[in-house]
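# Results of the structural survey
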Amino acid sequence: MTRRSGSRTAVRRTGTSGTRRAGVVMLTRLTGVLALTALAAGCGIRTTSVPVDAGPAPSRKPCEISGKDVITQARPGVPVRIYLACSSGLASVERAARIQQGKSPDDRVRIAQGLLDELQAQPSADEREAGFSTAVRGPLVISASRDGDPAGALRLSRRPEDLPATALAQIVCTFAESEATDGQVALGGPGDYPPRVYGCTRATKAQPDAPLPTLGPVSTASPTASATASASPSGP
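Residues numbered from 1 in each chain as written. Predicted model: local features only at pLDDT ≥ 70, side-chain atom pairs only at ≥ 80, totals over all residues. Heavy atoms only, no water.

Here the focus is the overall build of the protein chain. From N to C terminus, the protein chain includes six helices and seven strands. For the protein chain, the α and β elements follow one another from N to C terminus as α-β-β-α-α-β-β-α-β-β-α-β-α. A total of 236 residues make up the protein chain; the buried ones form 33% of that total. In the protein chain, once contacts between residues fewer than 6 apart in sequence are set aside, the share between residues at least 24 apart is 59%. Here the protein chain has roughly 14600 Å² of accessible surface; of this, 56% comes from carbon and sulfur atoms. (Helix = DSSP H or I, 4+ residues; strand = E, 2+ residues; numbered from the N terminus. Buried < 20%, exposed > 50% of the residue type's maximum accessible area, 1.4 Å probe, protein only. Contact = heavy atoms within 4.5 Å. Areas by Shrake-Rupley, 256 points an atom, 1.4 Å probe, with all protein chains shown as cover.)

What follows is the structure, given as structure tokens:
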């Protein structure tokens, strides 16, 4: 009888100990879950399995600079418009360039060189953030026309045909809308071959990496007169 009583007592003790251990384990797990929940709440994490769509991150509109950043150069100068590469095309930006305005041949060269310097300069931080870049790499220098060149022609220190297509498109479109030319850009290189007249069209601005349209070599007449003559009918 004593053995049975002892056995029953041992079973009771064992059962009680096991129950206590199970309770401790469950309490430990519950405490861990509560701690993780509190930690997640403290870090600002929503305890939900449903994904939350916060929407797209805000971004600046490409190829556009805010009004306060229109003049991107920190130095004073003449407001000018140049064309930079942006979103696989050309887009204009305004700069402040140190050039002199006028209509004499020397003034044309100074204006063209000032514009060319701006094209060779690296875009500002605001321009880069908006997606602008330049394909014009220096050093490039502009010189006046030579004897036998058409009026208003400009000479580059490199052959225009040797420049990347986008760089040439930037130069032509920038010059075409400036006082450096009469709307048509007659460019030559350091060699003796005659300059060619390049045009800046909507297609040029949309696809600057495509070959630029040309009107062929120009004669000693002005580019405007030459273009008018080539467009005139040859008669019956």
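Moving on from the coordinates now.
With that out of the way, let us pick up the nonpolar core. By size, the foremost hydrophobic cluster in this structure holds 39 residues, and its most contacted members are L116, F132, I142, I171, F175 and L187. Looking at this core, the elements that each hand over two or more residues are β1 (78-86), β2 (89-97), α2 (105-120), β4 (154-156), α4 (165-176) and β5 (185-188). Setting aside residues up to four positions removed in sequence, I142 forms contacts with V109, A112, Q113, L116, L154, R155, L156 and F175. (Core = buried A, V, L, I, M, F, W, Y, C linked by side-chain atoms within 4.5 Å.)

Take the environment of E129 next. Tracing the backbone shows E129 in helix α3 (residues 125-129). The spatial distance from the C-alpha of E129 to the C-alpha of P62 is 8.1 Å, given a sequence separation of 67 residues.

Joining two cysteines, a disulfide is a covalent bond between their sulfur atoms. Under the counting rule described, the total for this entry stands at two disulfides. There is a disulfide in this structure between C173 and C200, and the S-S distance comes to 2.0 Å. Because the sign of the S-S torsion sets the handedness, a value of about 95° for the bond joining C173 and C200 places this disulfide among the right-handed ones. One end of the pair, C173, is in helix α4; the other, C200, is in the loop between β6 (196-198) and α5 (202-206), with 27 residues separating them in the sequence. Taking only the cysteines that form disulfides and numbering them from first to last, the protein chain has the pattern 1-2, 3-4. (Disulfide = S-S within 2.5 Å.)

Next up on the list: the confidence of the model for the protein chain. On average, residues of the protein chain carry a pLDDT of 74, and 58% of them reach 70 or more. Least confident of the elements in the protein chain is helix α6 (residues 223-231), whose mean pLDDT is 38; most confident is α4, at 96. Every residue in residues 47-59 scores below 50 in pLDDT, and together they form two contacts with partners more than four places removed in sequence or on other chains. Below a pLDDT of 50 lies the segment residues 219-236, which in the model reaches 19 contacts outside its immediate sequence neighbourhood of four places, other chains included. (pLDDT = per-residue confidence, 0-100.)

We now examine the environment of C86. Tracing the backbone through its elements, the reader meets C86 in strand β1. The buried category is assigned to C86, whose relative accessible area is 5%. Along the backbone, C86 and C63 are 23 residues apart, and their C-alpha atoms lie at a distance of 6.0 Å. Sequence-distant contacts of C86, defined by excluding residues within four places in its chain, comprise C63, A91, A130, G131 and F132.

Attention shifts here to α4. For α4, built from twelve residues, the straight-helix expectation of 16 Å at 1.5 Å per residue is met to within 8% by its first-to-last C-alpha distance of 16 Å. Within α4, eleven of the twelve residues are buried, which leaves the element mostly enclosed by the surrounding structure. For α4, the full list of buried residues reads T166, A167, L168, A169, Q170, I171, V172, C173, T174, F175 and A176. (Expected span 1.5 Å × (residues − 1).)

Further remarks concern the environment of S157. Within the secondary structure, S157 is located in the loop between β4 and α4. A relative accessible area of 34% places S157 in the partly exposed class. When the C-alpha positions of S157 and L140 are compared, they lie 5.8 Å apart, and in sequence the two are 17 residues distant. Not counting residues within four places of it along the chain, the set of residues in contact with S157 comprises P139, L140, V141 and P190.

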